[in-house]
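Observations on the three-dimensional arrangement
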Amino acid sequence: MIFLSILILIVAIALPSINQNIRTILYVRISSIIFIYAGALAFNALYIQSIGSGIGIYSGLFQVTVISQLLDVFILLLGSFILIAWPSYSSKINAIDRISYAREYSLIVLFSSLGASLLVSSADLISMYLSIELQSFGVYILSTLYRNSESATSAGLKYFLLGSLSSCLILLGSGIIYTYSGLTHLESIYNLISVSTNTQILQGITLGIVIMIVGYLFKVSAAPLHNWAPDVYDDSPTIVTIWLAIMPKISILIFLLEIQSQIGNSILTIFSLSLKNVLLISSLLSLLIGTIVGLAQSRIKRLFAYSTISHIGFILLALAINTEQSIDSFLFYIIQYSLTNLNTFLILIGLAYILKNQSILESFQDIKYINELKGLFFNNPVLSLSLTICLFSMAGVPPLLGFFSKQFVLYSAMQSGYYFIGIIAILVSVISASYYLKIIKVLHTENKDIVEESNSHSPLSSIHSFMISTLTLFIIFFILKPSILLNSTQLLALSLFYY
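I will try to describe carefully the structure that is included in this document. Note that the structure is predicted; figures quoted are calculated from it, not measured. (Residues numbered from 1 in each chain as written. Predicted model: local features only at pLDDT ≥ 70, side-chain atom pairs only at ≥ 80, totals over all residues. Heavy atoms only, no water.)

Close approach of charged atoms lets side chains of opposite charge pair. One pass over the full model with this rule turns up 3 salt bridges. Note that D231 and K158 form a salt bridge whose closest N and O atoms lie 3.0 Å from each other. Taken together, the residues span a long stretch of sequence, with D231 in helix 9 (residues 228–235) and K158 in helix 6 (residues 150–181) at a distance of 73 residues. With a relative accessible area of 22%, D231 lands in the partly exposed category. For K158, a relative accessible area of 29% gives the class partly exposed. Here R302 makes a salt bridge to D231, at a shortest N to O gap of 2.7 Å. With R302 in helix 13 (residues 300–321) and D231 in helix 9, this residue pair connects regions lying 71 residues apart in the sequence. Classification of R302 by relative accessible area gives buried; the value is 18%. Look at the salt bridges and you will find they share partners, linking K158, D231 and R302 into a network. (Salt bridge = Lys/Arg side-chain N within 4 Å of Asp/Glu carboxyl O. Helix = DSSP H or I, 4+ residues; strand = E, 2+ residues; numbered from the N terminus. Buried < 20%, exposed > 50% of the residue type's maximum accessible area, 1.4 Å probe, protein only.)

Another point: the nonpolar core. Soluble globular proteins tend to pack their nonpolar side chains together in the buried interior. Counting residues in hydrophobic clusters, the biggest one holds 144 residues, and the most contacted among them are Y105, Y216, F330 and L373. Sorting elements by how many residues they give to this core places helix 14 (residues 324–357) first, with 20 residues. Setting aside anything within four residues of it in sequence, one finds F330 in contact with L253, I254, L257, I315, A318 and L319. (Core = buried A, V, L, I, M, F, W, Y, C linked by side-chain atoms within 4.5 Å. Contact = heavy atoms within 4.5 Å.)

What follows covers a nonpolar patch on the surface. Taken together, L295, Y419, I423, L427 and I431 make up a surface patch of nonpolar side chains, about 470 Å² in accessible area. Checked against the element boundaries, I423 lands in helix 18 (residues 419–443). (Patch = residues over 30% accessible without salt bridge, like charges linked within 9 Å, V, L, I, M, F, W, Y side chains within 5 Å. Areas by Shrake-Rupley, 256 points an atom, 1.4 Å probe, with all protein chains shown as cover.)

This paragraph deals with empty space enclosed by the protein. Following the criterion strictly, the structure yields 5 cavities of 30 Å³ or more and no others. Taken as a whole, the second largest cavity spans an internal volume of roughly 40 Å³. Ranked by the residues each element gives to the lining of the second largest cavity, the list is headed by helix 5 (residues 125–143), at 4 residues. Taken together, the residues of the lining of the second largest cavity sort by class into 5 nonpolar, 2 polar and 1 charged. (1 Å grid on protein atoms, 1.4 Å probe; cavity = no way out; pocket = protein on both sides within 12 Å on 5 of 7 lines; lining within 4 Å. Points joined across faces, edges and corners; volume = space filled by probe spheres on them. Nonpolar A, V, L, I, M, F, W, Y, C, P; charged D, E, K, R; others polar.)

Take unusual backbone geometry next. With an omega of 0 degrees, the peptide bond between A223 and P224 qualifies as cis. Residue P398 is joined to P399 through a cis peptide bond whose omega torsion reads 5 degrees. When you line up the elements, P399 lands in the loop between helix 16 (381–395) and helix 17 (401–415). Look at N322: it is not a glycine, yet its phi comes out positive at around 60 degrees. In this structure, N322 sits in the loop between helix 13 and helix 14.

Attention shifts here to helix 17. Over its 15 residues, helix 17 runs 22 Å from end to end, which matches the ideal 21 Å to within 8%, given 1.5 Å per residue. For helix 17, the full list of buried residues reads L401, G402, F404, S405, K406, V409, L410, S412 and A413. (Expected span 1.5 Å × (residues − 1).)

A word on the environment of L202. Note on placement: L202 falls in helix 8 (residues 199–219). Taking the C-alpha atoms as reference points, L202 and S181, 21 residues apart in sequence, are found 8.7 Å from one another.

As structure tokens, this is what we get:
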């Protein structure tokens, strides 16, 4: 669906325009409309009667289900929200470069989203690998989008080299699975595992799955395969970091959920080296490293990178448990993580607008250090309070949205008997609150260099402001009507667990 919609943007790029500033916004706005249009098509497909049991397309390479379509809608809506944050001006970049960046960013984002959408529906090792590479190459190019920036180029090269290594692991694991099973269709592999009594075949498939999962853990920056994330997050422009932190992870985690729910239990009863053990070890290391190393960070995007690693630890813990309740908490955590991080980066971009407007911030759309936020509460209390709410939600302070996501994961862990890692998760959650409080303290510390903002001109667009206010209010008032989101995640968990 989104593939057909991309043609609209290609036509829009070919349209002549006199006003260069309008053309800069044109690409981003049309791309956002394409996301919404593709999301509407995906939602409309839910009315197909046979989709409940799944529809195989392209000779079974993809399996379209209710779950994949709903997640497609979520991914595409998130993509449209991110495009809204595209910078409207910059004195350091001329008009031609602004047009080039807007055009390239829009196209790359669309193709990367296409890969994410295909990965969620993948039902074959071949389509899985092609989808993840389509998504990954788009993200590699995004990291080097600002070619005049040496740090962005360095980040993109590092991401490309290490991402290629993870792709090699995924390809190696897929090759081992095919060598021992002679199959590439995932459902056929599931059936072979359930009926086969040949220990050598099962061991080979297990080895291939573990290697493939390690490659995917690399791509979602789970410890101990996380070293690339802080450098890439920090060196990339914020408008690119906002995409790296959210979009690639959703589709990969959902694909891991499908593998875990279908294969995990059948292999765990036979071998000690299993998918569950790999996920639990990675979850434990992610919780510890993301929290402890994050305490020493003074650069804000590196801190958020380690915060992401810590959140990935909670997500992997729910994924490893593999019960109906843990799948529900897994889906809920992904949704709240995506929305909270989206709002946080939208606010950072908004604060960068303000600092740039006052000639305090020199770099384009980029806040590097936590100290650059000093005193912004006295200059712009609304954005500062919104950022404070997002940080409290990430820390798990009740009654905000982030508290419930952590509570559900910890409850499912304790109920399933994972007491040790559950206690560790509680401790690191308390410890991690300190580096969120450090940002809040800086925000509310008076800074004499900050000048009063002029009320006659706001550097934020109305849509940007509306998105920040809507997401912030959702984080705050989720407790008043939680059934809207909880019923959806429970329905998805039931559908996936008993599928």
